[in-house]
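Inside the fold
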Amino acid sequence: GLSEATSGAVTALVLISLGMLTGGGITCLCQLSFAAIGTWAVSQLSIWNATGGFFLWLLVGGLAASLFGALVGLASLRIRGVNLAIVTLAFAAMADSIFATHGFPGSADYIPVVIPGWLTNQAHYLEFAGCVAIAGAGAGVLFWRSRAGRTLRCLRQSERAAAALGCNVARVKLLAFGFSAFVAGIAGGISAGQVGVSVES
């Protein structure tokens, strides 16, 4: 149905964000944790009835996720390969434990995220999620065509060679992790808003 299609669009956005890292040879196993951070941020802002509304909350959720993405990215400056995968898996396990213990804002009382009235229709929300997913794919393409994206592809072959050519390895890695987490956080925020969509198609 429409709800499953919306979930598919959200999943596609998470996979797009993951591809920004794996395309550069970086193994990251905590992408869903970044999405969960976006979900938490949007849910909490809705509970607080923060100014700006749902669309601004999505951006804030993405930024919150990007901060954690940059923190995880710091580990990639020292380690890589299997060891980096283990670090990201440990972050995912820690995040899962925290969310499982404390839950998401409003979930215990079944309080949905406040979204614009025109988005409460499933078809409209699907269109919105699809447009964001397409925008995310476009952003991913632009990223890979940018200087940072080209540098990231070079890092996949040899970090030492890229550094010898004058590439700022640390900056590119942190940018990749931060941007990837931002997109995943947006996906999580969209998933949070989906709870407030009418069950009627």
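That block above? That's the structure.
Residues numbered from 1 in each chain as written. Predicted model: local features only at pLDDT ≥ 70, side-chain atom pairs only at ≥ 80, totals over all residues. Heavy atoms only, no water.

Here we come to the overall build of the protein chain. A count of helical and extended segments in the protein chain gives eight helices and zero strands. Walking the protein chain from its N terminus toward its C terminus, one meets helices and strands in the order α-α-α-α-α-α-α-α. Against the 2.2 N^0.38 benchmark of 17 Å for 201 residues, the protein chain shows a C-alpha radius of gyration of 17 Å, consistent with a compact globule. Principal-axis analysis of the C-alpha atoms gives the protein chain an extent of 55 × 35 × 30 Å. The buried share of the protein chain, reckoned over its 201 residues, is 44%. Of the accessible surface of the protein chain, which amounts to about 10,200 Å², a share of 66% is contributed by carbon and sulfur atoms. (Helix = DSSP H or I, 4+ residues; strand = E, 2+ residues; numbered from the N terminus. Rg over C-alpha atoms; globule rule 2.2 N^0.38 Å. Buried < 20%, exposed > 50% of the residue type's maximum accessible area, 1.4 Å probe, protein only. Areas by Shrake-Rupley, 256 points an atom, 1.4 Å probe, with all protein chains shown as cover.)

Taken as a class, soluble globular proteins show a tendency for nonpolar side chains to be buried jointly. The biggest cluster of nonpolar side chains holds 26 residues, and the ones touching the most others in it are Cys30, Phe34, Leu152 and Phe177. Secondary-structure elements contributing two or more residues to this core are helix 2 (31-47), helix 3 (53-75), helix 4 (82-102), helix 5 (122-145), helix 6 (147-157) and helix 8 (169-194). Setting aside anything within four residues of it in sequence, one finds cysteine 30 in contact with Val72, Thr88, Phe91 and Ala92. (Core = buried A, V, L, I, M, F, W, Y, C linked by side-chain atoms within 4.5 Å. Contact = heavy atoms within 4.5 Å.)

This paragraph deals with the environment of leucine 174. Tracing the chain through its elements places leucine 174 in helix 8. As for leucine 174 and leucine 74, which are separated by 100 residues in sequence, their C-alpha atoms are 6.8 Å apart. Here leucine 174 is in contact with Ala70, Gly73 and Leu74, once residues within four sequence places are set aside.

What follows concerns unusual backbone geometry. Residues other than glycine seldom take positive phi values, yet asparagine 49 does so here, at roughly 55°. On the secondary structure map, asparagine 49 appears in the loop between helix 2 and helix 3. Under the relative-accessibility criterion, asparagine 49 is labelled exposed at 59%. Its identity as a non-glycine residue notwithstanding, tyrosine 110 has a phi of 55°, on the positive side. Turning to its location among the elements, tyrosine 110 is positioned in the loop between helix 4 and helix 5.

This part covers the packing of aromatic side chains. Evaluation of the coordinates by the stated rule reveals ten aromatic pairs. With 5.8 Å between their ring centres and 75° between their planes, phenylalanine 143 and tryptophan 144 make a pair best called edge-to-face. Since its relative accessible area comes to 6%, phenylalanine 143 is described here as buried. Taken together, Phe54, Phe55, Trp118, Tyr125 and Phe128 form an aromatic cluster joined through their ring pairs. (Phe/Tyr/Trp six-rings, centres within 6.5 Å; stacked < 30°, edge-to-face > 60°.)

This part covers helix 6. Two residues of an α-helix separated by three or four positions point the same way, owing to the 3.6 residues in each turn. For helix 6, the full list of buried residues reads Ala148, Gly149, Thr151, Leu152 and Leu155. Along the axis of helix 6, the buried positions cluster into a sector of 160°, meaning they face one direction only. In helix 6, the exposed residues that point more than 90 degrees away from the buried face are Arg147 and Gln157. On its buried face, helix 6 is in contact with helix 1 (2-22), helix 5, helix 7 (159-164) and helix 8. (Arc of directions from axis to C-beta.)

A separate point is a nonpolar patch on the surface. On the surface, a cluster of nonpolar side chains totalling about 470 Å² of accessible area is made up of Leu67, Phe68, Leu71, Leu74 and Leu77. With respect to the secondary-structure elements, leucine 67 resides in helix 3. (Patch = residues over 30% accessible without salt bridge, like charges linked within 9 Å, V, L, I, M, F, W, Y side chains within 5 Å. Salt bridge = Lys/Arg side-chain N within 4 Å of Asp/Glu carboxyl O.)

Positive charge collects at one region of the surface, where Arg147, Arg150, Arg153, Arg156 and Arg171 lie side by side. Take the positive patch: its biggest share by element is four residues, from helix 6. Mapped onto the fold, arginine 147 is located in helix 6. (Lys, Arg positive; Asp, Glu negative; His and termini not counted. Charge placed at Lys NZ, Arg CZ, Asp CG, Glu CD.)

What is shown is where atoms sit, not what they do.
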